[in-house]
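Listed below are the residues making up each chain.
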Amino acid sequence: MIRANDNYSKLKASYLFSDIAKRVDEYQLKNPEAQIIRLGIGDVTRALAPAVIKGFHEGVDEMARDATFRGYGPEQGYDFLRDQIAKNDFQDRGADISADEIFVSDGAKCDTGNFQELFAKDITMAIPDPVYPAYLDTNVMAGRTGEFEGGRYGGIVYMDCLKENNFLPKLPDEKVDLIYLCFPNNPTGSTATKEELKVWVDYARENKALILFDAAYESFIRDEALPKTIYEIEGARQVAVEFRSFSKTAGFTGTRCAFTIVPKDCMIFNSKEDKVSLHAMWNRRHSTKFNGVSYPVQKAAQAVYSEEGKAQVRDQIAYYLNNADIIRKTVEFLGFDYVGGKNSPYIWIDGKDRDSWDFFDLLLSRASVVCTPGAGFGRCGKQYIRISAFNSLENVTEAMDRLKGALQ
Ligand code: PLP
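Below: a short report on this structure. (Residues numbered from 1 in each chain as written. Predicted model: local features only at pLDDT ≥ 70, side-chain atom pairs only at ≥ 80, totals over all residues. Heavy atoms only, no water.)

1. A short note on the environment of R46
Residue placement: R46 occurs in the loop between β1 (37-38) and α2 (50-63). Overall, R46 belongs to the partly exposed group, its relative accessible area being 37%. Counting along the chain gives 273 residues from R46 to Y319, while the straight-line C-alpha distance between them is 9.3 Å. (Helix = DSSP H or I, 4+ residues; strand = E, 2+ residues; numbered from the N terminus. Buried < 20%, exposed > 50% of the residue type's maximum accessible area, 1.4 Å probe, protein only.)

Here it is as structure tokens:
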């Protein structure tokens with residue numbers, strides 16, 4: 001008899017964004033005239049930069065001629081891309097990362113979700129609340145949690161990120177083996193300083209733990225003092241893996257290209273407590289289950305690092321950050337507390353006594369604006385909503401005017 005993985009039945013029935021889509025569809029059906037503005041899902045709206053399109057086209061043209069055609073490429077990514085990543089994103093910032101420590105992939109969602117395969121079933125994990133859901137759900141699927149009760153899975157050490165702690169997780173009281181961190185954060189938009197990250201790196205070193213650091217939004221950091229990579233922190237090479245993506249950096253959500261950094265001196269421990277190379281394990285996993293990102297897409301990603309590419313991508317980020325400024329100012333004007341939006345495309349708004357789904361319904365019914373209810377990211381999000389800056393300037397301005405009208 002073919003039997004199912006029972007862990008899947010522990011997962012909450014539906015995905016947050018399908019619940020949102022259902023409510024929005026119902027609203028549109030009842031209000032066919034309503035011009036809905038979507039500031040919910042974190043998807044980019046601007047076209048790929050001209051330099052990126054040029055690189056993409058060159059890649060496609062090469063595939064059209066036998067002399068330059070490419071079949072399977074290296075699973076870890078082409079050197080032309082890995083070299084650019086190592087230099088521009090790490091070495092130029094003083095972070096000691098080499099090209100062969102970079103694994104190019106088709107998304108940070110897959111990488112953050114797949115990485116847990118390398119760890120034993122009975123490790124203790126610390127996961128922030130609120131959180132990007134993929135970290136949690138993939139561990140549920142793998143059988144590392146108990147049942148979902150009272151808004152939380154058994155067996156996980158949740159790290160509450162609340163106003164009281166500046167939306168930064170505190171070191172857990174009990175000893176943990178694996179720590180998920182994400183800065184700039186999705187959903188809160190909060191950031192961490194070098195000193196704040198150092199506390200985690202030191203903890204991991206002292207406790208033989210590992211940090212999985214998601215830096216998918218690093219390109220939104222405009223405060224020069226903030227770290228863009230965990231490898232700016234001394235000692236991080238031994239205890240941290242970092243996930244990056246071109247999705248939000250360069251508008252690749254539909255094009256698909258990302259990368260994961262696994263330093264060669266990052267060691268974990270087998271059941272005999274012998275050291276095992278995480279780099280060797282991930283290399284084995286990646287080359288067994290993945291066959292590389294398509295050549296034209298890697299050419300497009302390489303173009304992000306050309307002089308024009310850098311300038312054009314910087315302009316795109318500035319465009320979204322300008323939207324974030326408009327949202328922040330409106331939220332301030334309306335008297336709400338919030339975090340994020342300064343070095344992040346997300347603004348996390350405190351609805352005070354309002355439940356996050358009620359707040360969501362209020363914005364939809366009174367302003368035809370879609371946000372994301374914080375409860376979808378964890379129990380600590382139940383009085384928050386997330387507004388995303390990923391939309392056109394016109395739509396963001398219109399949405400904020402409507403909010404002023406609806407909530408003042
Ligand atoms: N990590 C975080 C924190 C995200 O918010 C997202 C996407 O929204 C991802 C990873 C996924 O990125 P990708 O498009 O590379 O799969």
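Additional details are given in the paragraphs that follow.
2. Remarks on the environment of S392
Among the structural elements, S392 can be located in the loop between β17 (384-388) and α13 (393-407). For S392 and V44, which are 348 residues apart along the polypeptide, the C-alpha to C-alpha distance reads 9.6 Å. S392 has contacts with T45, Y319 and N323, leaving out every residue within four places of it along the chain. (Contact = heavy atoms within 4.5 Å.)

3. Overview of unusual backbone geometry
Cis geometry marks the peptide bond from D129 to P130; its omega dihedral reads 5°. As for its placement among the helices and strands, P130 is situated in the loop between β3 (125-129) and α5 (133-141). Positive phi is not limited to glycine here, since N166 has a value of about 60°. The residue N166 is located in the loop between β6 (156-160) and β7 (178-182) in this model.

4. Focus: the site of the ligand
Taken together, 14 residues form the shell around the ligand, and within it N186, D214, Y217, S245 and S247 come nearest. Contact between the ligand and Y217: an oxygen atom at 2.6 Å from a side-chain N or O atom of the residue. One nitrogen or oxygen atom from the side chain of S245 is found 2.6 Å from an oxygen atom belonging to the ligand. Residue assignment for the shell around the ligand shows that the elements contributing at least two residues are α4 (108-114) and α8 (246-250). Taken together, the residues of the shell around the ligand sort by class into six nonpolar, four polar and four charged. (Near = heavy atom within 4 Å. Polar contact = N/O pair within 3.5 Å; in protein donor to acceptor, adjacent residues only side chain to side chain. Nonpolar A, V, L, I, M, F, W, Y, C, P; charged D, E, K, R; others polar.)

5. Observations regarding the pairing of β6
Of all five residues in β6, four are buried, a share of seventy percent or more. As paired strands, β3 and β6 are joined by five bridges and run parallel to one another. By the bridge assignment for β6, P128 is matched with M159. (Pairing = 2+ DSSP bridges.)

6. A few points about the packing of aromatic side chains
Aromatic ring pairs: the centre-centre distance and the angle between the two ring planes describe each pair. Evaluated as defined, the whole model comprises 26 aromatic pairs. Relative to Y295, the ring of F80 has its centre 5.9 Å away and its plane inclined at 90°; by these criteria the two rings are edge-to-face. Taken together, the residues F80 in helix α3 (residues 79-90) and Y295 in helix α10 (residues 295-303) connect sequence positions 215 residues apart. Residue classification places Y295 among the buried positions, given a relative accessible area of 5%. An angle of 20° between the planes, with centres 5.0 Å apart, marks the rings of Y135 and Y180 as stacked. Note that Y135 is positioned in helix α5 and Y180 in strand β7, a separation of 45 residues in sequence. A relative accessible area of 2% means that Y135 is categorised as buried. Three or more aromatic residues link up through ring pairs in this structure, and these residues are Y217, F220, Y319, Y320, Y346 and F390. (Phe/Tyr/Trp six-rings, centres within 6.5 Å; stacked < 30°, edge-to-face > 60°.)

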